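Architecture at a glance
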Amino acid sequence: AQSVTQPDIHITVSEGASLELRCNYSYGATPYLFWYVQSPGQGLQLLLKYFSGDTLVQGIKGFEAEFKRSQSSFNLRKPSVHWSDAAEYFCAVGEEYGNKLVFGAGTILRVKS
Amino acid sequence: SQTIHQWPATLVQPVGSPLSLECTVEGTSNPNLYWYRQAAGRGLQLLFYSVGIGQISSEVPQNLSASRPQDRQFILSSKKLLLSDSGFYLCAWSVPPRLSMTYEQYFGPGTRLTVT
């Protein structure tokens, strides 16, 4: 069965600094991969997705992620973090046949000024 | 464009009382529908999903049930709430896999349930 690991529960970065959130997945075939963001008390918003093609994908809000098959990773990056990026971030992989997503446990991002 | 609604936004219920949370989707037909729960600090737990009217798959045996009486309506229910049912409940929809290449899900705003 597929699984997703987000090894960092909390990350704190300074405003303006670069950000990388880690995600590792377990899946036999080419995965469908996603990053979502959740602000406190709100639903999840899709940041970006990968399903084929260019392994560097661009998303909303200046985020990007790189799919590395050899490392089974799909890390999320942003070159310069803004205070409004403080939220919880979830990585997910699409299950075979596509009816379900498997989510990681999430990473809480704190931004300090 | 598609929109997903959930209500109520917040709910405080005593232990042993019934529960009904509703989710509706606009602007799409035959969506897959999902109920998730977030307990404090514990990520997302898939509770139920549905691929069509009356078709419900349960992921976790528990005190809850789900129904899909109409194509774009998904209801989460309980006959008697437990303290452990407290959490943030999220509804989501997706285009069915046979029609989509990418399987992403779109989430509603959530319902905060506190069982006292």
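Just above sits the structure.
Throughout what follows, the structure given in this document is the object of discussion. (Residues numbered from 1 in each chain as written. Chains lettered and ligands numbered in written order. Predicted model: local features only at pLDDT ≥ 70, side-chain atom pairs only at ≥ 80, totals over all residues. Heavy atoms only, no water.)

1. Regarding the state of the cysteines
Residue and element names in this part refer to chain A. The criterion, for reference: By disulfide we mean two sulfur atoms from cysteines, separated by a distance within 2.5 Å. Strands are runs of DSSP state E lasting at least two residues, helices are runs of H or I lasting at least four, and both sets are numbered from the N terminus onward. Burial classes follow relative accessibility: with a 1.4 Å probe on protein chains only, a residue under 20% of its type's maximum area counts as buried, one over 50% as exposed, and anything between as partly exposed.
Evaluated as defined, the whole model comprises two disulfides over all chains. The side chain of C23 participates in a disulfide bridge whose partner is C91; the two sulfur atoms lie 2.0 Å from each other. Its S-S torsion of about -65 degrees marks the bond between C23 and C91 as left-handed, since a negative value means left-handed. With C23 in the loop between β3 (19-21) and β4 (24-26) and C91 in strand β10 (residues 87-94), this residue pair connects regions lying 68 residues apart in the sequence. A residue is classified by how much of its surface remains accessible, and C91, at 0% relative accessible area, is buried.

2. Here we look at unusual backbone geometry
With an omega of 0 degrees, the peptide bond between W7 of chain B and P8 of chain B qualifies as cis. Topologically, P8 of chain B is positioned in the loop between β1 (3-7) and β2 (10-13). Not every positive phi belongs to a glycine, and K61 of chain A is a case in point at roughly 60 degrees. Positionally, K61 of chain A belongs in the loop between β7 (56-58) and β8 (64-68). The class of K61 of chain A is partly exposed, set by a relative accessible area of 47%.

3. Some points on the interface of chain A and chain B
Stated precisely, the cut-off is as follows: Here, residues are in contact when the closest pair of their heavy atoms is within 4.5 Å. Values labelled buried area give the accessible surface lost by two parts on being combined, using a 1.4 Å probe and summing over both. Put simply, a salt bridge is a Lys or Arg side-chain nitrogen that is within 4 Å of an Asp or Glu carboxyl oxygen. Under this definition, polar contacts are N or O atom pairs within 3.5 Å; protein pairs additionally need one hydrogen-donor-capable and one acceptor-capable atom, and for neighbouring residues in sequence, both atoms have to be side-chain atoms.
Taken together, the contact between chain A and chain B spans 20 residues of the former and 21 residues of the latter. Roughly 1800 Å² is buried in total at the junction of chain A and chain B, and carbon and sulfur atoms are behind 60% of that figure. Taken together, the connections running from chain A to chain B amount to two salt bridges. If you look at where chain A meets chain B, you find four residue pairs in polar contact (both at pLDDT 80 or more).

4. A look at the pattern of salt bridges
Summed over the entire model, instances satisfying the criterion amount to eight salt bridges over all chains. Close ionic contact of K100 of chain A with E59 of chain B constitutes a salt bridge, the shortest N to O distance being 3.1 Å. You can see K100 of chain A sitting in the loop between β10 and β11 (101-103) and its partner E59 of chain B sitting in the loop between β6 (55-58) and β7 (65-70), one on each of two chains. In this structure K100 of chain A comes out as buried when scored by relative accessible area, which is 16%. When the shortest N-O distance is used, the salt bridge between D71 of chain B and R68 of chain B registers 3.3 Å. Residue classification places R68 of chain B among the buried residues on the basis of a relative accessible area of 3%.

5. With respect to the packing of aromatic side chains
Residue and element names in this part refer to chain A. Put simply, the rule reads: The criterion for an aromatic pair is that two Phe, Tyr or Trp rings (for Trp, the six-membered ring) have centres within 6.5 Å, with stacked assigned to planes under 30 degrees apart, edge-to-face to planes over 60 apart and tilted to the rest.
For the coordinates displayed, the defined rule picks out 16 aromatic pairs over all chains. On the numbers, 5.7 Å between centres and 50 degrees between planes, the contact of Y36 with F103 is tilted. Taken together, the residues Y36 in strand β5 (residues 33-38) and F103 in strand β11 connect sequence positions 67 residues apart. In terms of burial, Y36 and F103 fall into one category: buried. Taking 6.4 Å as the distance between ring centres and 45 degrees as the angle between the ring planes, the aromatic pair formed by Y50 and F74 counts as tilted. On the criterion of sequence distance, the pair formed by Y50 in strand β6 (residues 44-50) and F74 in strand β9 (residues 73-78) is long-range, its members being 24 residues apart. For the residue pair Y50 and F74, the accessibility class agrees, reading buried in each case.

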